[in-house]
Amino acid sequence: MCLSQIFYVFAMKIRENEMADKNVKSLMSNYEKAMKGVESVMGGTVLEYKAKNIYREGEAEGLAKGEAKGIAETFAANIKALIETGQYNFDSAFNLIKAPTDKYNVIKELVLG
């Protein structure tokens, strides 16, 4: 097992523990005394581990990249539809739908290949 796989397994175990903690807190929220006992038994303070931070950063980065890709693909599909009407070229369609200028090259690659 390589180091990245070990980090992944470790990160998944941390996530399972966090989810269990949330479930217990949710179930016990109406029982104040029991809730305090559960929190003390479960350790109270959540420790930050390097693997946990790496996992969270990776998850956030992946979500951001996926969102950016989805946005670019949506603009590309709309531009492609305008081009197919025969009334627009790439630049005029890009400007018409007010696509983000920082994504110009990515969208152009998606539309024109």
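In what follows, the structure referred to is the one given above.
The model shown is predicted, which means the values in this text are computed figures rather than measured ones.

Calculation criteria
Residues numbered from 1 in each chain as written. Predicted model: local features only at pLDDT ≥ 70, side-chain atom pairs only at ≥ 80, totals over all residues. Heavy atoms only, no water. Helix = DSSP H or I, 4+ residues; strand = E, 2+ residues; numbered from the N terminus. Buried < 20%, exposed > 50% of the residue type's maximum accessible area, 1.4 Å probe, protein only. Expected span 1.5 Å × (residues − 1). Salt bridge = Lys/Arg side-chain N within 4 Å of Asp/Glu carboxyl O. Phe/Tyr/Trp six-rings, centres within 6.5 Å; stacked < 30°, edge-to-face > 60°.

1. Topic: unusual backbone geometry
Stage number 1. Of note in this structure, Lys 98 is not a glycine but carries a positive phi near 55 degrees.
Stage number 2. With respect to the helices and strands, Lys 98 occurs in the loop between α4 (90–96) and α5 (104–112).
Stage number 3. Under the relative-accessibility criterion, Lys 98 is labelled exposed at 69%.

2. Notes on helix α3 (residues 50–84)
Stage number 1. Over its 35 residues, α3 runs 50 Å from end to end, which matches the ideal 51 Å to within 8%, given 1.5 Å per residue.
Stage number 2. Looking at α3, one finds that the buried residues are Ala 51, Lys 52, Ala 72, Phe 75, Ala 76, Ile 79 and Leu 82.
Stage number 3. Within two residues after α3, Gly 86 carries a phi angle of roughly 85 degrees, on the positive side.

3. Details of the pattern of salt bridges
Pairing is possible between side chains that carry opposite charge, provided their charged atoms lie close to one another.
Stage number 1. Overall, the coordinates contain two salt bridges when judged by the stated rule.
Stage number 2. For Lys 65, the salt bridge is made with Glu 61, and the minimal N-O distance between the two is 3.1 Å. Residue Lys 65 and its partner Glu 61 are both found in helix α3; the two are separated by four residues, about one turn of the helix.
Stage number 3. Here Glu 61 falls in the partly exposed class, since its relative accessible area comes to 46%.
Stage number 4. Between Lys 69 and Glu 73 there is a salt bridge; the shortest N-O distance is 3.8 Å.

4. Some words on the packing of aromatic side chains
Stage number 1. Across all of its chains, the model carries three aromatic pairs by this definition.
Stage number 2. Seen from their ring centres, Phe 90 and Tyr 104 are 5.4 Å apart, and the 75 degrees between their planes marks the pair as edge-to-face. Here the residue Phe 90 occupies a position in helix α4, and Tyr 104 occupies one in helix α5, the gap between them amounting to 14 residues.
Stage number 3. Taken together, a centroid distance of 5.0 Å and an interplanar angle of 80 degrees make the contact between Phe 94 and Tyr 104 edge-to-face. Of the two residues, Phe 94 sits in helix α4 while Tyr 104 sits in helix α5, which places them 10 residues apart along the sequence.
Stage number 4. Using a relative accessible area of 3% as the deciding quantity, one classes Phe 94 as buried.
Stage number 5. Note on Tyr 104: relative accessible area 24%, which makes it partly exposed.
Stage number 6. Taken together, the ring pairs in this structure connect Phe 90, Phe 94 and Tyr 104 into an aromatic cluster.

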